[in-house]
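Observations on chain architecture
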Amino acid sequence: MFNRIREDIANIRIKDPAARSGLEVALCYPGLHALVLHRWAHLAWGAGLTTLARWISQVSRWLTGIEIHPGARVGRRVFIDHGMGVVIGETAEIGDDCTIYQGVTLGGVSLDRGKRHPTLEKGVIVGAGAKVLGPFSVGAGAKIGSNAVVTKPVPAGATAVGNPARIIHPGVELQREQAANRMGFSAYGVSSDTDDPLTRALHGLIDQAIAQQRRIEQLEAALRQAGMGDAVGAANVQAAADQTALQQLNRLVDD
Ligand SMILES: CC(C)(COP(=O)(O)OP(=O)(O)OC[C@H]1O[C@@H](n2cnc3c(N)ncnc32)[C@H](O)[C@@H]1OP(=O)(O)O)[C@@H](O)C(=O)NCCC(=O)NCCS
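Conventions and cut-offs
Residues numbered from 1 in each chain as written. Predicted model: local features only at pLDDT ≥ 70, side-chain atom pairs only at ≥ 80, totals over all residues. Heavy atoms only, no water. Near = heavy atom within 4 Å. Polar contact = N/O pair within 3.5 Å; in protein donor to acceptor, adjacent residues only side chain to side chain. Areas by Shrake-Rupley, 256 points an atom, 1.4 Å probe, with all protein chains shown as cover. Nonpolar A, V, L, I, M, F, W, Y, C, P; charged D, E, K, R; others polar. Salt bridge = Lys/Arg side-chain N within 4 Å of Asp/Glu carboxyl O. Helix = DSSP H or I, 4+ residues; strand = E, 2+ residues; numbered from the N terminus. Buried < 20%, exposed > 50% of the residue type's maximum accessible area, 1.4 Å probe, protein only. Pairing = 2+ DSSP bridges.

A closer look at the site of the ligand
The immediate surroundings of the ligand are formed by His82, Tyr101, Gln102, Gly127, Ala128, Lys143, Gly145, Ser146, Thr159, Val161 and Ile168. Between the ligand and Ala128, the relevant distance is 2.7 Å, taken from an oxygen atom to a main-chain nitrogen or oxygen of the residue. Within the contact set of the ligand, an oxygen atom lies 3.0 Å away from a backbone nitrogen or oxygen of Ser146. Burial of the ligand by the surrounding chains reaches 45%, relative to a free accessible area of 910 Å². Here the residues of the shell around the ligand are counted per class, giving four nonpolar, six polar and one charged.

Focus: the pattern of salt bridges
Following the criterion strictly, the structure yields eight salt bridges and no others. A salt bridge links Arg39 to Asp8, with the shortest nitrogen-to-oxygen separation between them at 2.6 Å. With Arg39 in helix α3 (residues 30-46) and Asp8 in helix α1 (residues 2-15), this pair connects stretches of sequence that are 31 residues apart. Under the relative-accessibility criterion, Asp8 is labelled buried at 2%.

Some words on the sheet that holds strand β13 (residues 149-150)
Here we have five strands laid out as an open sheet, ordered β1-β4-β7-β10-β13, and parallel in their pairing. Edge strands, defined here as strands with exactly one partner in the open sheet, are β1 (67-68) and β13. Relative to strand β4 (residues 87-88), β1 runs parallel, the two being bridged by two bridges. Looking at the pairing, Ile68 lines up with Ile88 of β4.

Regarding unusual backbone geometry
What you tend to see is this: most non-glycine residues have negative phi, and most peptide bonds are trans. With an omega of -5°, the peptide bond running from Asn163 to Pro164 counts as cis. For Pro164, the position within the fold is in the loop between β14 (159-161) and β15 (166-168). With a phi close to 55°, Arg77 is a non-glycine residue in the positive phi region. Mapped onto the elements, Arg77 comes out in the loop between β2 (73-74) and β3 (79-80). On the basis of relative accessible area, Arg77 is assigned to the partly exposed category, the value being 22%. At Asn147, a residue that is not glycine, the phi angle is positive and equals roughly 65°. Within the secondary structure, Asn147 is located in the loop between β12 (143-144) and β13. Accessibility expressed as a relative area gives 56% for Asn147, which makes it exposed.

Here you go:
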């Protein structure tokens, strides 16, 4: 037990730049107190002493503002920072090295008795006020933005933000912007709001253009390999000429 507490204190000192000493962490970090009490509650829960387990959990809640159901499984070096308002449900599982900030709920959305709370895999960070609701997994190393409401699985390493949480794909956004630039407009004008049908249609068109561009590049490479580089060059010259003619036509229309 003392080894685990020592490990937790060392972990908090690494993860919280505000922590000045081991003594300060031992005395002033409710997340640490809640985890120590949870270990006792979980032990009692496992031994079938369910009321005692719930009572320990309740005392912990009075003292720390953090409510962890005694049935929840919590890994090693988990850091609950500040902690006030955290609620962790009965069938929630928290992997090693996760960080959870104040106001987080790992909750359920059904009244079924089975698995109904989320599983956080190793190294997940859940931002302040985020709600993760349902019996799905948040993949290893994923980040949940503060105040996000997550109702679907999050892939490992991904970042999920907003309500309902959307996964940020930095690579895809860059490709879309480049394709949109080629098509002559800015994708920044298209919000990432996937609920808007017009936005979804525009993203679909941009993605289609990216896929076509990739296919043309593959065909060109294949033609060059087959010794038809001249034909590819001629086609590109023709395309550039068409583009110039198009621009002239556009100017005429604008004028
Ligand atoms: C989600 C988080 C981990 C993202 O960090 P990141 O990977 O560095 O991402 P970025 O800051 O580059 O932001 C990427 C995009 O997500 C948006 N975003 C970031 N956090 C967001 C949030 N919580 N809610 C909504 N959108 C958010 C950004 O505006 C940006 O959008 P854009 O691409 O349209 O400009 C971070 O913002 C966060 O919320 N961390 C939790 C911190 C916390 O709770 N601290 C409490 C201390 S007491």
